[in-house]
Amino acid sequence: MSRRVAPAFALIALLVSVVVLGPLLSPYAPNAQLDIIALRSQAPSLAHPFGTDAVSRDVFSRVLDGGRVSLALAVLSVSLSLVVATLYGAISTLVGGVVDTTMRRLLDVALSIPRLLVLLAVGALWGALSFPALVLLIGFTGWFDTARLVTDELRALGTREFSVAARAMGVRGPRLLWRHLLPHLLPTLVISASFGVARTIALEAGLSYLGLGIQAPQASWGTILHDGAGVVETEWWLSLFPGLATVFAVLACNALGDALRERFAPDHVPTLATSLTASSAPSSSRTVRP
Amino acid sequence: MRLSHTRWLASVLCFTFAACAGTERTADAGATDETGGTLIVTVPAEPSTLFPPLLSGTQGAPIVGVIFDRLAEIGDGLETYGDRGFQPRLASSWSWANDSLSIAFALDSLSRWHDGEPVTAEDVRYTFTVYTSDSLVNDTKPLLGNIDSVSVRDPHTAVFWFKRRMPRQFYDATYHMYVLPSHLLDTIPMTKLERASFGRNPVGTGRFRFVRWEPGQRIEIIADTANSRGRALLDRVIWSIAPDFGSSTIKLFAGEADFLEQLRPENLAQVGRTPSLRLIDNRALSYGFLGFNLRDQKSPSRPNAIFGDARVRRALHMAVDRERLVRNVFDSLGMVALAPAPRALIPDTSAFTQLPYDVATARALLDSAGWRDSDGDNVRDRDGVPLAFDILIPSSSTSRQRYAVLLQEQYRAIGVKATPTVLENNAWNEAVYERHAFDAYLGAFQPSPGLVGLLQTWASRGSSNAGRYESPAFDALLDSALTTFDPTTSRRYWARAFQQIDNDVPAVWLYEQRSPVAIHRRFITTPLRADGWFVGLADWRVDPAQRIDRDRIRLGTPP
Amino acid sequence: MFAAATLAFVLLQLAPGDAATALGEGTSPELRAIIRAQYGLDESLATQYGRWLWSLLRGDLGWSHDQHRPVAAVIADALPRSLFLMGCALSVSLVGGMLVGAWQGARAGSRRDRATSTALLVLYSLPEFWLALALLAVFAYRLRWLPATGITGEMYDYMSAREQLVDRLRHLVLPLTSLSLVGLALFARYQRDAMQESMAQGFVRTARAKGLTESAVRRQAWRSALLPVITMTGLMLPALITGAVFVERVFSWPGMGFAMIHAIEARDYPVVSAGVILGSAITAFGAALADIARDLADPRLRTL
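Everything quoted here is computed from the prediction, not taken from an experiment.

**Q** Can you help me understand the overall build of chain A in this one?
**A** Each helix and strand in chain A was counted, giving 12 helices and 0 strands. Taking all 290 residues of chain A together, the buried fraction comes to 52%. Considering only intrachain contacts with a sequence separation of at least 6, the fraction spanning at least 24 residues in chain A is 68%.

Have a look at this one:
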């Protein structure tokens, strides 16, 4: 089991260090136009390992810089999603009764709206969204499935011995949540976060590729792909390297999620975002781990 | 399970091989060497309609242009004085009244609509009512303002009556309208015309006729063999829709498509390396510029704090190495724009002078205008206001986005902070043309022959004059240029008008795109006209020695 | 669904620009005013909403300003194509995923299993549109084996029936692969874990003790591992829709995603609203299907 954890952590560590150390590692400023005639659209070489783009910017530097933007966007928006989801789930479960049912129904409605279409619509209609606006947009459209998870988890946890005991001792509301339930909730949240970050990185890449996410001249993996869209065959370096970087980052996050899930939540049947419903309890009784 | 997989795979492969072998069967049935051939054009979007008056944007223009005819076709020189250079089309001849306030067009009695009905003068009269109708949304109506009415003298003669004598009379009467079949349309009320199925199934008089439209996929036209002016030489032309530009280029280079119009500069090298393709240079009628907002955004009655000063504008013009920028973005396929008109439409480009590229003078001008860097942040300022502005760009234009990034660098070198801001097309349109909520923007126009459009784009009360440039001198010169009958005098007025606007610098004229097209070598084309590559499409043909499979599918092969 | 539609309507109205500005740079203000008056865009928001809702309830999906034909026609063209592609992709993902996952799960812990797991993880991490682009570049351009765009070739109408079938298949390969590979990885992972659990169950030991061959044992285990995977199918739909949008664009497959992007750019409200309604309908349908399937499939759950 620990076989999964070590390589996953290694990947993540590599990713984080590359991104954090980015400015130190990149040979040029990401937006510097080195020589708009002579160094335009150069294939990869020793001087420019990932080549240059159409306005003679070094692609390697841009990929590093773009990594920071893409990852920051993903982490921030997923964090936002988690906070909102946890609050929503907590309120729903703790208040209980009609409110709980209504909130869960609302969640169902929200889950049925195709997220990408909304994002496309907003991105297309409003055009250049600033970075904070993007974080908010992606964060606020992405918390529904995590909220579902949280409500289900909390419900399941609520029947466990320790919470029954806590409630018998008189612990109520927020204190119950914070001290007793949250620690048990944490693994699920972290796993959800890992997969969420992976999905968001891919989502940002896709949106920016369509021209609807991060805007030029800011580098992000999606915008570099966008720049290279018309010349996939000839200037392949513009499509290959940011793509590989995206795959690598997504892979690292997914691996982490897998590893964590293996370690912390072996009872659960592998979750897709919307998979867990009331059946999570009985399924745990089915498994017999050697 | 595995065994059946293999069998399934094997049978699919067999299918494929058998099918490949089968394509050789279509034989040439009585074809001449001159005719035949299939041209496949790849385009990024499908037109919204093929009804000529509703045509907006460039997507449907080539298809409409070859299915329908005008009364007379403008000459290759794109001259608009009188009827010089115009060639007969649906009208076989015309005569001017003595007072020049009316022109009588005699229609070719052999012309037929694609459904077999003869073309009559009633069609011409009906076309005029449609194009000038209030119920239809079309932007050619203002251009027909000088035509008072069209009357029918006899079934083959239509008379145009004008309000004033103008050099462009003939051009006005013929260029903007494609003749429509009244026998198919006049029973439909004007307000319902937009919804008529004619827009998806057009019937015209051109040497090509419409065949089918697979929504989202392709539009096909074939040669009209019964046409009075002779059938088109090609058998068919298919417009194949591929919105993703990468897929478009791949189709071209993979041989699935023969023709791509919107080449980007980065594809040129690739075309050069592909032996089956060649580039045709095409002077497009477009120009791009960096426009300044001459008024204050918040209170439009006051001049703009930065751009209101002519010295600043001149400095911003001189700080830009326009040649180098053009070379980066368009390689050898762009030219520096000299004026708010493409060179093809400027009578004499040497008759007025440009501001030079001179960074030192630019800096000096900014200094003398009071903009200096007082706080050491490398950005000039004056009274606490930095010399910084946004440049608005529409998301659809990669060249303009590239330009914005390049301009940003050029201006950084003289202490000016320009920030490119990309807006989605609609949002950009609204910000620039409706709300005038911008500092600077990268715009592009496509003027028509005759340059009447300048009244809209740069004259004082022009509706597309986003930066609100107002110069009575320019207005007067423009008016004179447009209304003088004598070409020589007119040319002098044009020169002075262009000099005036060049001195005033309401915008930096950046580029004029030569719009090269990539086409398969087997096609022998006519010279491309600047206002539309498709104008001579009916006379294009395929070199018999280089025919490929799809050229051999002749007309009349059952689908 | 209703909420989704309203959301779409509101969103579009709030956005800058409308159908009039969508016509482009060169149009004059007078022209824009005429368009607005004609389509009722200058009326109040409430009026427009009311009018739209009323016609919706009567089954009239409206008129597409941009395409000059009824929205129903636009959808009738686009939807079957999307459904066809998504359906095929789902089938391929499901079948492929189940096979791979079952094979893996039966050998859980072995080197082959781990290698496959890693491969699947990589596959799962590929962004769909990038995969589409890469496939396009390699197969359509470099190798010239497959066509680049469209559902059918340009000369389709002139081909014999057999050639037409082949043509359709050839055009289907790349979009299908792009869309189904990621789904395949997903199903495979899921199936693998389910299979692994199943193999560890008591009845497997019994079967082995009874002397059944290993492959017969595996087949038994697989049957009980099928259920969780099948229930997942319904929930895959939103992900499919998402993937389909990108893939449709890259391969010019004129389905709903394609139509939606175009409609958004042209501010074609009726089409966008219809699309969002359909999207949420499909998602809701998928979720309901998954619920039903789960209830039917696992009798153990019924006792709860």
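So, next bit.
**Q** What am I meant to see in the overall build of chain B here?
**A** Each helix and strand in chain B was counted, giving 15 helices and 23 strands. Taking 559 residues into account, the globule formula puts the C-alpha radius of gyration at 24 Å, and chain B, at 27 Å, falls close to it. For chain B, the C-alpha atoms occupy an extent of roughly 80 × 80 × 40 Å along the three principal directions. Put simply, chain B has 559 residues, and 47% of those count as buried. In chain B, the proportion of contacts linking residues at least 24 apart, taken out of those at least 6 apart, comes to 68%.

**Q** What should I look at first to understand the confidence of the model for chain A in this one?
**A** Keep in mind that low pLDDT regions are not for reading the predicted coordinates in detail. Residue and element names in this part refer to chain A. Across chain A, the average pLDDT comes to 74, with 80% of residues at or above 70. Per-element confidence in chain A is highest for helix H3 (residues 59-95), whose mean pLDDT is 85, and lowest for helix H12 (residues 280-286), whose mean pLDDT is 26. A low-confidence stretch, residues 268-290 stays under pLDDT 50, and its non-local contacts, those more than four residues away or across chains, total 35 contacts.

**Q** Help me out: how do you make sense of the sheet that holds strand S18 (residues 417-423) of chain B in this one?
**A** To summarise the sheet geometry, strands pair through backbone hydrogen bonds and adopt either a parallel or an antiparallel arrangement. Residue and element names in this part refer to chain B. As summarised here, the arrangement of the 6 strands in space is S14-S20-S13-S19-S17-S18, forming an open sheet in which the pairing is mixed. The strands lining the two open edges of the sheet, one partner per strand, are strand S14 (334-335) and S18. Across 6 bridges, the pairing between strand S13 (residues 287-292) and strand S19 (residues 440-445) is antiparallel. Across the sheet, the residue bridging to Phe 292 is Ala 440, located in S19. Relative to the sheet, helix H9 (residues 322-330) contacts S14 and strand S20 (507-513), its axis offset from that of S20 by approximately 40 degrees. Contacting S13, strand S17 (388-394), S18, S19 and S20, helix H11 (residues 398-412) runs over the sheet at an angle of about 165 degrees to S18.

**Q** Got a minute to help me understand the sheet that holds strand S21 (residues 517-520) of chain B in this structure?
**A** Residue and element names in this part refer to chain B. The strand order S8-S9-S10-S1-S11-S21-S12 describes an open sheet built from 7 strands, whose pairing is mixed. Of all strands in the sheet, those bounded by a partner on one side alone are strand S8 (208-214) and strand S12 (277-280). The pairing of S8 with strand S9 (residues 218-223) spans 6 bridges and is classified as antiparallel. Across the sheet, residue Phe 210 finds its bridge partner in S9, namely Ile 221.

**Q** Teacher, can you tell me more about helix H11 (residues 237-264) of chain A here?
**A** Spacing of three or four residues puts side chains on the same side of an α-helix, whose turn is 3.6 residues. With 28 residues, H11(A) extends 40 Å between its outermost C-alpha atoms, agreeing within 8% with the 40 Å of an ideal straight helix rising 1.5 Å per residue. With 23 of its 28 residues buried, H11(A) lies for the most part within the structure.

**Q** Can you help me understand the environment of B:Leu537 in this one?
**A** Residue and element names in this part refer to chain B. Looking at the element boundaries, Leu 537 is found in the loop between strand S22 (523-524) and strand S23 (541-542). Among the residues examined, Leu 537 registers 25 C-beta atoms within 10 Å and is labelled buried. Between the alpha carbons of Leu 537 and Arg 207 there is a distance of 9.3 Å; along the sequence they are 330 residues apart. Excluding residues within four positions of it along the chain, Leu 537 makes contact with Val 66 and Val 237.

**Q** So what exactly am I meant to see when it comes to unusual backbone geometry here?
**A** Note on backbone geometry: most residues besides glycine have negative phi, and most peptide bonds are trans. All names here are of chain B. Not every positive phi belongs to a glycine, and Asp 383 is a case in point at roughly 55 degrees. Structurally, Asp 383 can be placed in the loop between strand S15 (381-382) and strand S16 (385-386). Phi angles above zero are rare outside glycine, and His 436 is one such case at about 50 degrees.

**Q** Explain the packing of H3(A) against H11(A) to me, please; I cannot follow it from the model alone.
**A** The geometry of a pair of packed helices is captured by two quantities: the angle between their axes and the separation between those axes. Residue and element names in this part refer to chain A. Put simply, H3 and H11 touch, their axes get as near as 11 Å, and they point 35 degrees apart. Viewed along their axes, H3 and H11 form a crossing whose handedness is right-handed. Contacts between H3 and H11 involve Val 59, Val 63, Gly 66, Gly 67 and Leu 71 from the first element and Trp 237, Leu 238, Phe 241, Pro 242, Ala 245 and Ala 249 from the second.

**Q** Any chance you could explain the pairing of S21(B) here in plain terms?
**A** One face of the sheet, then the other: side chains in a regular strand alternate in exactly this way. Residues and elements named next belong to chain B. As defined by bridge partners, strand S11 (residues 259-260) adjoins S21 across 2 bridges and the pair is classed as antiparallel. Note on S21: the bridge partner recorded for Phe 259 is Ile 519. By the bridge criterion, 4 bridges tie S12 to S21 in an arrangement that is antiparallel. Of the residues in S21, the one forming a bridge with Arg 278 is Ile 519.

**Q** I'm lost on the nonpolar core in this one. Help?
**A** A general feature of soluble globular proteins is that nonpolar side chains tend to end up buried together. Formed by 214 residues in total, the largest nonpolar core has its most connected members in A:Ile201, B:Phe208, C:Ala132, C:Leu136 and C:Leu240. Apart from residues lying up to four places away in sequence, C:Ala132 is in contact with C:Ser178, C:Phe246, C:Val247, C:Val250 and C:Phe251. Among the nonpolar cores identified, the runner-up in size contains 79 residues, and B:Leu285, B:Ile393, B:Phe445 and B:Phe474 belong to it.

**Q** Mind showing me how you'd approach helix H7 (residues 161-199) of chain C here?
**A** Residue and element names in this part refer to chain C. With 39 residues, H7 should cover 57 Å at 1.5 Å per step; its first-to-last C-alpha distance of 48 Å lies more than 12% under that length. The largest bend in H7 comes to about 35 degrees, at Val 173, with the proline Pro 175 one to four residues further on. The element H7 is largely enclosed, with a buried count of 28 among its 39 residues.

**Q** What am I meant to see in the packing of H11(A) against helix H5 (residues 111-124) of chain C here?
**A** Orientation of H11(A) relative to H5(C), taken along the N-to-C sense of each, is 130 degrees, at an axis distance of 9 Å. Regarding the angle of H11(A) to H5(C), the classification is oblique. Between H11(A) and H5(C) lies a crossing of right-handed hand. When H11(A) is examined against H5(C), the residues A:Leu251, A:Asn254, A:Ala255 and A:Asp258 are found in contact with a partner set consisting of C:Leu121, C:Val122 and C:Tyr124.

**Q** Any chance you could explain the pairing of S8(B) here in plain terms?
**A** With 5 of its 7 residues buried, S8(B) lies for the most part within the structure. Between the antiparallel neighbours S8(B) and S9(B) lie 3 residues, among them B:Gly216 with a positive phi of about 80 degrees.

**Q** I keep staring at the confidence of the model for chain B and nothing clicks. Help me out?
**A** Residues and elements named next belong to chain B. Of the residues in chain B, 93% have a pLDDT of 70 or more, and the chain-wide mean is 85. Below pLDDT 50 for its whole length, residues 14-31 participates in 18 contacts with residues either more than four positions away or in separate chains. Predicted complex metrics record ipTM = 0.73 and pTM = 0.77.

**Q** Which parts of the structure should I look at to understand the environment of A:Phe195?
**A** Residues and elements named next belong to chain A. Of note, Phe 195 is situated in helix H9 (residues 173-209). Sequence separation between Phe 195 and Val 20 is 175 residues, and the spatial gap between their C-alpha atoms is 21 Å. For Phe 195, the residues in contact, after removing those within four places along its chain, are Asn 254 and Gly 257.

**Q** Please explain the environment of C:Gly96 as it appears in this structure.
**A** All names here are of chain C. Here Gly 96 lies in helix H4 (residues 71-106). A count of 17 C-beta atoms within 10 Å places Gly 96 in the partly exposed class. Measuring from C-alpha to C-alpha, the distance between Gly 96 and Ala 188 comes to 7.6 Å, with 92 residues separating the pair along the chain.

Parameters and conventions
Numbering of residues starts from 1 in every chain and runs along the sequence as written. Numbering of ligands from 1 and lettering of chains from A proceed in the order in which they are written. Under the rules for a predicted model, residues below a pLDDT of 70 receive no local features and side-chain atom pairs below 80 are neither given nor counted, while totals for whole chains, interfaces and linings still include all residues. Secondary structure is summarised from DSSP: a helix means a run of H or I of at least four residues, a strand means a run of E of at least two, and numbering begins at the N terminus for each. Residue burial here comes from a neighbour count, namely the number of other C-beta atoms, placed from the backbone, that lie within 10 Å of the residue's own C-beta, with 20 or more meaning buried, 12 or fewer meaning exposed, and in between meaning partly exposed. Any two residues are considered in contact once their C-beta atoms, placed from the backbone, lie within 7 Å. For the radius of gyration, the atoms used are the C-alpha atoms, and the globule rule reads 2.2 Å times the number of residues raised to 0.38. A residue's pLDDT is the predictor's confidence in that residue, given on a scale from 0 to 100. The pairing criterion for strands is at least two bridges between them, as found by DSSP. For helices, the fitted line uses only the C-alpha atoms of the stretch in contact; every axis is such a line through C-alpha atoms, and the angle between N-to-C directions lies from 0 to 180 degrees. Multiplying one less than the number of residues by 1.5 Å gives the expected span of a helix. By convention, the crossing between two helices is left-handed when the near helix turns anticlockwise from the far helix through less than a right angle, and right-handed when the turn is clockwise. Core membership is restricted to buried Ala, Val, Leu, Ile, Met, Phe, Trp, Tyr and Cys residues, and these are joined into a nonpolar core through C-beta atoms within 7 Å. The angle separating two fitted axes, one through the seven residues that finish at a residue and one through the seven that start at it, defines the bend at that residue. Orientation is classified from the angle alone, with under 35 degrees giving roughly parallel, over 145 giving roughly antiparallel, 65 to 115 giving roughly perpendicular, and any other angle giving oblique.

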